[in-house]
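Fold and contact review
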Amino acid sequence: NNGEPYLNDFYLPANNSQASKRYYSFDYGNAHFVSLEVVEDEPLSTAQINWLITDLFGTTQTWKFVYFHVPPYSNSRHGSALKVRKSISPLLEWFQVDLVFNGHDHDYERTIPIKEFYPDKRGVTYVVTGGAGDGVYPSGASGFTAYSESAYHTTYVQIDHSVLTLKAIRNDGTTIDTLTIDKGMNRF
């Protein structure tokens, strides 16, 4: 039913110009989270793009995270959503979003920091974390892949002020991948 059970069962801030629960943002600690509605490989709506620009421009939080379903960078079954990449990735790079989380492909894949549109910026790391539901897909690799694996997993992020640690953990408890970003030392 087009997500109605999800929309009815959860409190989702409708803090956008359309008062839609399908995309929103919130702050938690020193982090800013943005949830976008991206279902297929289609560009974001103009209303959602304009809202995203205003939202990211207005945040003063140390950390910026964006999450949505279809990945702009992926080497698994569905591959990269190129229309999504073209419509959103330049904004994510410009506003120096730290991490982007996606699903759709049922594997784990983390990119290197992507600087495709603004090479002078720090770069955005994309994480496909789709290994917790229905069967896993084969993983792949390309020039933008830092690590990928076909495995059931969960992704855990811990922030201690200016240090972020990401761990992807298999369902047997072993670690797949680890990433540390230390903004206090300007090391990424």
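Check the entry above for the structure.
So, a few notes on the structure that sits alongside this text. A quick note: this is a predicted structure, and the numbers were derived from the prediction, not measured. (Residues numbered from 1 in each chain as written. Predicted model: local features only at pLDDT ≥ 70, side-chain atom pairs only at ≥ 80, totals over all residues. Heavy atoms only, no water.)

1. Section: the pairing of strand β3 (residues 63-67)
Within β3, 4 of the 5 residues are buried, which leaves it mostly tucked inside the rest of the structure. Of the strand pairs in this sheet, strand β2 (residues 31-35) and β3 are connected by 5 bridges, and their pairing is parallel. Counterpart to V34 in the pairing with β3 is V66. Remark: the β3/helix α3 (residues 82-94)/strand β4 (residues 99-102) crossover connection has right-handed handedness. (Buried < 20%, exposed > 50% of the residue type's maximum accessible area, 1.4 Å probe, protein only. Helix = DSSP H or I, 4+ residues; strand = E, 2+ residues; numbered from the N terminus. Pairing = 2+ DSSP bridges. Right-handed = clockwise from strand over helix to strand, strands pointing away.)

2. Comments concerning the packing of aromatic side chains
Under the criterion given, the structure shown has 9 aromatic pairs. Between F33 and F65, the aromatic rings sit 5.2 Å apart at their centres with planes inclined by 35°, giving tilted as the arrangement. Here F33, found in strand β2, pairs with F65, found in strand β3; they are 32 residues apart in sequence, far enough to count as distant. F65 gets classed as buried once you look at its relative accessible area, which sits at 3%. Aromatic side chains F65 and F101 sit 6.4 Å apart centroid to centroid with 45° between the ring planes, which places their arrangement in the tilted category. Taken together, the positions of F65 in strand β3 and F101 in strand β4 put the pair 36 residues apart, joining distant regions of the chain. Three or more aromatic residues joined by ring pairs form one cluster here, namely F26, F33, F65 and F101. In this arrangement the basic side chain of R77 is found over the ring face of Y137, its NZ or CZ atom lying 3.8 Å from the centre. Just above the ring of W63 sits the side chain of K183; from NZ or CZ to the centre is 4.5 Å. (Phe/Tyr/Trp six-rings, centres within 6.5 Å; stacked < 30°, edge-to-face > 60°. Lys NZ or Arg CZ within 6 Å of the ring centre and 35° of its normal.)

3. Let's talk about the nonpolar core
Residues L36, L52, V66, F68, I88, L92 and V100 are the most contacted members of the largest nonpolar core, which totals 25 residues. For this core, the secondary-structure elements that each account for two or more residues are α2 (46-58) and α3. With residues up to four places along the chain from it excluded, the contact list for V100 reads V66, F68, L92, V124, T125, Y126 and V127. Within the second largest apolar cluster, 14 residues are counted, among which are A31, W63, A151 and I181. (Core = buried A, V, L, I, M, F, W, Y, C linked by side-chain atoms within 4.5 Å. Contact = heavy atoms within 4.5 Å.)

4. With respect to the side chain of D98
Among the structural elements, D98 can be located in the loop between α3 and β4. Of note is the side chain of D98, whose polar atom sits 2.7 Å from the backbone nitrogen of K64. Not counting residues within four places of it along the chain, the set of residues in contact with D98 comprises T62, W63, K64, R122, V124, T125 and K183. (Polar contact = N/O pair within 3.5 Å; in protein donor to acceptor, adjacent residues only side chain to side chain.)

5. Observations regarding the sheet that holds β3
Across the sheet, which stays open at both edges, the 7 strands sit in the order β1-β2-β3-β4-β6-β5-β7 with mixed pairing between neighbours. Edge positions in the open sheet fall to β1 (24-28) and β7 (145-149), since each of these has one partner strand only. Neighbour-to-neighbour, the strand axes of this sheet turn through a mean angle of 15°, independent of strand direction. Running at roughly 175° to β2, α2 makes contact with β1, β2 and β3 of the sheet. (Axes fitted to C-alpha atoms, helices over the stretch in contact; angles between N-to-C directions.)

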